[in-house]
Amino acid sequence: KILVIGASGQIGVELTLALRKVYGNNNVVASDLREENELLKGTGPYVSLDVMNKEMLHVQVIRQNITQIYLLAAILSATGEKNPNLAWNLNMQGLLNVLDIAREEQIQKVYWPSSIAVFGPTSPKINCPQQTIIEPITVYGISKYAGEFWCNYYHQRYGVDVRSLRYPGLISYKSAPGGGTTDYAVEIFHDALEEKNYNCFLREDTYLPMMYMPDAIKATLQLMEAPQEQIKVRTSYNIAAMSFSPKEIAAAIQKHIPDFTIHYKPDYRQTIADSWPQSIDDTSARNDWNWKPDFDLDLMTADMIQNLQQAKGLLKK
Ligand code: VAH
């Protein structure tokens, strides 16, 4: 059985639903510290779980006959800068608890997301390579980069089959984002539909690597289903789909909502965004396990607006 830790988060909800579709509802145990997300209710087993409680986690892994673990619980970049100690402790100890139990219980496979947030101001801005200068300046980025080395260590030393992807900013409509710097790209759609205006916390020309959630879920399942011998990177794979700025996504939205306006009020998150690359080179993922994205900015924008209009009951009858 598969255990998803952090199943009520932005990625966790969609990953749980996708895994249940592939492996069967009752073969995917969803867990979170928070209560069960509405979209998960009635789709399969849910347990309350704190990844920081290693003993309880160990008990659940045994009691639920867990053979694979997906660890999504983390504090993201923006929230992490407000709570550095909590971010380091949860992101680091949570991963170490999972890796150690995976070693002890011979768990078949572990998934753990890293992020383009591992890159820092000294990393190449354009087509940032898989291996390069990596000097993160956020606690989130530091914890994710350190976590990558722990994944590699547990694979090399104990043979734990742990796999990882450096997600770009993820955009989705099914569940709210969790305190990241790229959350503007989700908020903008909600405000465009509800207020017809968005006050953006980043400058208009802030290019960032982004991906639509369906592509992120596809990449995760593809990585986890690839034969072990194809996985050459045991820290974390770069993956990419598109890069855009607030100005560009606003223009894409205006094609659907012509009177939508945007205003720019950069805050502390601008410094974080400026430290990240503008675009990512994902050649390794493409070569090793045939990664390829489906959604570009226009396709994503059309899909987001259509689904959010439905969800908000705004579709013209
Ligand atoms: C964040 N959404 O903004 C996350 C992601 C690349 C950004 O890691 O912190």
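Above: the structure in question.
Residues numbered from 1 in each chain as written. Predicted model: local features only at pLDDT ≥ 70, side-chain atom pairs only at ≥ 80, totals over all residues. Heavy atoms only, no water.

Colleague: Account for the state of the cysteines, with residues named and values stated.
Modeller: Counted according to the given criterion, the structure contains 0 disulfides. Free cysteine Cys-128: the closest other cysteine sulfur is in Cys-151, separated by 19 Å. (Disulfide = S-S within 2.5 Å.)

Colleague: For the environment of Tyr-173, give the residues involved together with the corresponding values.
Modeller: Within the secondary structure, Tyr-173 sits in the loop between β9 (169-171) and α6 (184-194). Exposure remark for Tyr-173: the relative accessible area of 26% places this residue in the partly exposed category. Residues Tyr-173 and Glu-187, spaced 14 residues apart in sequence, show a C-alpha to C-alpha distance of 9.8 Å. Once you skip the residues sitting within four places of it in the chain, Tyr-173 turns out to touch Tyr-212, Asp-303, Met-304, Asn-307 and Leu-308. At 3.3 Å, the side chain of Tyr-173 and the side chain of Asn-307 are in polar contact. (Helix = DSSP H or I, 4+ residues; strand = E, 2+ residues; numbered from the N terminus. Buried < 20%, exposed > 50% of the residue type's maximum accessible area, 1.4 Å probe, protein only. Contact = heavy atoms within 4.5 Å. Polar contact = N/O pair within 3.5 Å; in protein donor to acceptor, adjacent residues only side chain to side chain.)

Colleague: Tell me about the site of the ligand, and please be specific about residues and values.
Modeller: Taken together, Leu-76, Ser-77, Ser-115, Ile-116, Tyr-140, Tyr-167, Pro-168, Gly-169, Gly-180, Thr-181, Thr-182 and Trp-276 are the residues near the ligand. A distance of 2.7 Å separates an oxygen atom of the ligand from a polar atom in the side chain of Ser-77. Contact with the protein chains removes 95% of the 280 Å² of surface that the ligand exposes when unbound. (Near = heavy atom within 4 Å. Areas by Shrake-Rupley, 256 points an atom, 1.4 Å probe, with all protein chains shown as cover.)

Colleague: I'd like to hear about the pattern of salt bridges, residue by residue, with values.
Modeller: Think of it this way: side chains of opposite charge can pair up when their charged atoms draw near. Taken as a whole and assessed by the stated rule, the structure comprises 16 salt bridges. For Asp-32, the salt bridge is made with Arg-34, and the minimal N-O distance between the two is 3.1 Å. What makes Asp-32 buried here is its relative accessible area of 5%. Between Asp-282 and Arg-286 there is a salt bridge; the shortest N-O distance is 2.7 Å. The class for Asp-282 is buried, based on a relative accessible area of 6%. If you follow the salt bridges from partner to partner, you end up with Lys-54, Asp-100 and Arg-103 in one network. (Salt bridge = Lys/Arg side-chain N within 4 Å of Asp/Glu carboxyl O.)

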